[in-house]
Amino acid sequence: MDTEFKSFFDAAPPLRDSLDVSRKVKEFIDQNSQLSGKGRPIRVVCVTSGGTTVPLEQRCVRYIDNFSSGHRGAVSTEYFLKAGYAVIFLYRRGTCQPYCSFLPEDSLLECFDLTEESNVQARPQHTEALKRAIRDHHAAVEEGLLLKLPFTTIFEYLQILQIVAISMRGLGSHGIFYLAAAVSDFYVPWESMEEHKIQSATGPLDMRLAPVPKMLLVLREVWAPTAFCISFKLETDQNILLKKAHMALRKYNMHVVVANELSTRKEEVIVVTSDEEITVHRENQVEEVEKPLIDLLVQKHSAYIEQSKHDSSN
Ligand code: PAZ
């Protein structure tokens with residue numbers, strides 16, 4: 001492994017429940033490798049979702065965060081499940097969850113009422129959507145097709161991603177990484193972090209942030225070299241978006257980079273591969289852009305599986 005990455009992991013605070021996470025991931029993958037949906041091996045996708053935090057103190061009071069709501073990851077998870085994939089949903093605690101993106105912010109108070117007998121009941125205008133969400137969510141979990149793994153910090157995120165990626169190696173080309181999480185580019189190394197709450201009385205705060213080692217290359221080359229890898233590139237300047245997406249494609253050897261601009265990310269994305277750029281729009285005001293996006297990515301994944309079969313038979 002890249003030395004920068006090794007020192008990041010060696011110095012990171014140990015992941016709480018790491019054995020539990022490893023066990024859950026292993027069981028999920030074993031179970032889904034044995035199943036075969038409609039006569040073909042099950043495909044497994046790891047969807048990452050939401051932003052990572054960067055703690056400023058070891059006993060963390062303050063942290064750096066980013067805008068990501070987790071909407072992209074949550075909705076994409078629903079469409080992957082619909083397409084027959086088993087999904088490992090690696091999400092930031094407190095962000096949007098699959099089948100819940102339609103809920104208002106204060107959903108408990110907005111969607112439910114008390115009856116005269118003091119029972120809780122869904123308000124009529126929300127009943128159908130709630131029933132559908134509960135039914136689809138419970139079906140995915142009960143059929144063993146959805147595993148949810150939470151993270152908060154950049155340390156937790158990269159450690160769990162490593163566990164998942166190494167466990168998915170055996171799936172070969174049937175595994176996908178769909179890396180929609182907004183991962184911090186900079187962090188405070190654990191060993192140089194203050195232990196206790198930083199005191200404001202000492203005046204202006206000077207802090208040096210180190211670059212987070214680039215995980216995409218290690219994922220592609222070491223952790224899961226035969227999986228189909230899709231990363232995302234977000235920019236706020238449309239003029240540099242495609243250039244940056246192509247750079248990421250080449251530099252990290254991704255199969256696909258999905259380029260999106262902050263203010264239009266819910267309406268339009270551009271699917272960038274080495275030989276094409278395909279703009280994907282939401283079909284109407286009701287459908288989400290993730291529907292045509294996942295349709296297209298599933299087609300690209302199928303072509304990748306066929307190509308891998310062909311390559312290994314030659
Ligand atoms: O989480 P969200 O739905 O608010 O936004 C999705 C997104 C913009 C974080 C995602 O599409 C993305 O581009 N992720 C990668 C960001 C980056 O590191 O460039």
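Structure: see above.
Notes on the structure follow.

Rules of the game
- Residues numbered from 1 in each chain as written.
- Predicted model: local features only at pLDDT ≥ 70, side-chain atom pairs only at ≥ 80, totals over all residues.
- Heavy atoms only, no water.
- Pairing = 2+ DSSP bridges.
- Helix = DSSP H or I, 4+ residues; strand = E, 2+ residues; numbered from the N terminus.
- Axes fitted to C-alpha atoms, helices over the stretch in contact; angles between N-to-C directions.
- Contact = heavy atoms within 4.5 Å.
- Phe/Tyr/Trp six-rings, centres within 6.5 Å; stacked < 30°, edge-to-face > 60°.
- Buried < 20%, exposed > 50% of the residue type's maximum accessible area, 1.4 Å probe, protein only.
- Core = buried A, V, L, I, M, F, W, Y, C linked by side-chain atoms within 4.5 Å.
- Expected span 1.5 Å × (residues − 1).
- Arc of directions from axis to C-beta.
- Salt bridge = Lys/Arg side-chain N within 4 Å of Asp/Glu carboxyl O.
- Near = heavy atom within 4 Å.
- Polar contact = N/O pair within 3.5 Å; in protein donor to acceptor, adjacent residues only side chain to side chain.
- Nonpolar A, V, L, I, M, F, W, Y, C, P; charged D, E, K, R; others polar.

One open sheet accounts for eight strands, arranged β9-β6-β3-β10-β13-β14-β15-β16; its pairing is mixed. Each edge of the open sheet is held by one strand with a lone partner, namely β9 (146-151) and β16 (277-281). The average angle at which neighbouring strand axes cross in this sheet is 20°, direction not considered. Where strand β6 (residues 86-92) and β9 come together, six bridges link them in parallel fashion. When the sheet's bridge partners are listed, V87 is paired in β9 with L146. Along the sheet, helix α6 (residues 154-168) makes contact with β3 (44-49), β6, β9 and β10 (175-179), crossing β10 at roughly 160°.

Our next topic: the packing of aromatic side chains. Tallied over the entire structure, the rule returns 15 aromatic pairs. An angle of 25° between the planes, with centres 5.6 Å apart, marks the rings of F8 and F155 as stacked. Separated by 147 residues along the polypeptide, F8 in helix α1 (residues 3-11) and F155 in helix α6 bring together distant segments of the chain. For F155, a relative accessible area of 3% puts it in the buried group. Considering the side-chain rings of F89 and Y91, the 5.2 Å spacing of their centres and the 10° angle between planes classify their relative orientation as stacked. Like F89, the residue Y91 is buried in the burial classification. By the ring-pair criterion, three or more aromatic residues cluster together here, those being F5, F8, F9, F155, Y187, W190 and W223.

Another aspect to go through is the pairing of strand β13 (residues 228-235). Within β13, six of the eight residues are buried, which leaves it mostly tucked inside the rest of the structure. Judged from the four bridges that link them, β10 and β13 form a sheet pairing that is parallel. Note that in β13 the partner of F177 across the bridge is C229. In this structure, β13 lies alongside strand β14 (residues 256-261), joined through six bridges in parallel fashion. When the sheet's bridge partners are listed, K233 is paired in β14 with A259.

Before going further, it helps to spend a moment on the nonpolar core. Formed by 92 residues in total, the largest nonpolar core has its most connected members in F80, I88, F177 and Y178. Ignoring sequence-local partners within four residues, the contact set of Y178 consists of V45, C46, V47, T48, R72, S76, F80, I230, F232, L293, I294 and L297.

This part is about helix α2 (residues 18-34). Helix length check: α2, at 17 residues, gives a terminal C-alpha distance of 24 Å against a target of 24 Å (1.5 Å per residue), a fit within 8%. Every buried residue belonging to α2 is among V21, V25, F28, I29 and N32, and all of these are buried. Down the axis of α2, the buried set is contained in an arc of 90°. They therefore lie on one face. In this structure, α2 carries L19 and Q34 as exposed residues pointing more than 90 degrees from its buried face. Residues of α2 that are buried in the fold lie against β3, β6, β9 and α6.

What follows deals with the pattern of salt bridges. For the coordinates displayed, the defined rule picks out 17 salt bridges. The salt bridge involving R23 is made with D20; its shortest N-O contact spans 2.5 Å. In this pair, R23 and D20 both sit in helix α2, three residues apart, roughly one turn of the helix. Judged by its relative accessible area of 42%, R23 falls in the partly exposed class. When its relative accessible area of 30% is taken as the criterion, D20 is described as partly exposed.

Glancing now at the site of the ligand. Around the ligand lies a shell of 13 residues, among which S68, S69, G70, N260 and R265 are the nearest. Here an oxygen atom of the ligand sits 3.4 Å away from a polar atom, N or O, in the main chain of H71. Within the backbone of L234, an N or O atom sits 3.0 Å from an oxygen atom of the ligand. No other element matches the three residues that β13 contributes to the shell around the ligand. When grouped by side-chain class, the residues that make up the shell around the ligand number five nonpolar, five polar and three charged.

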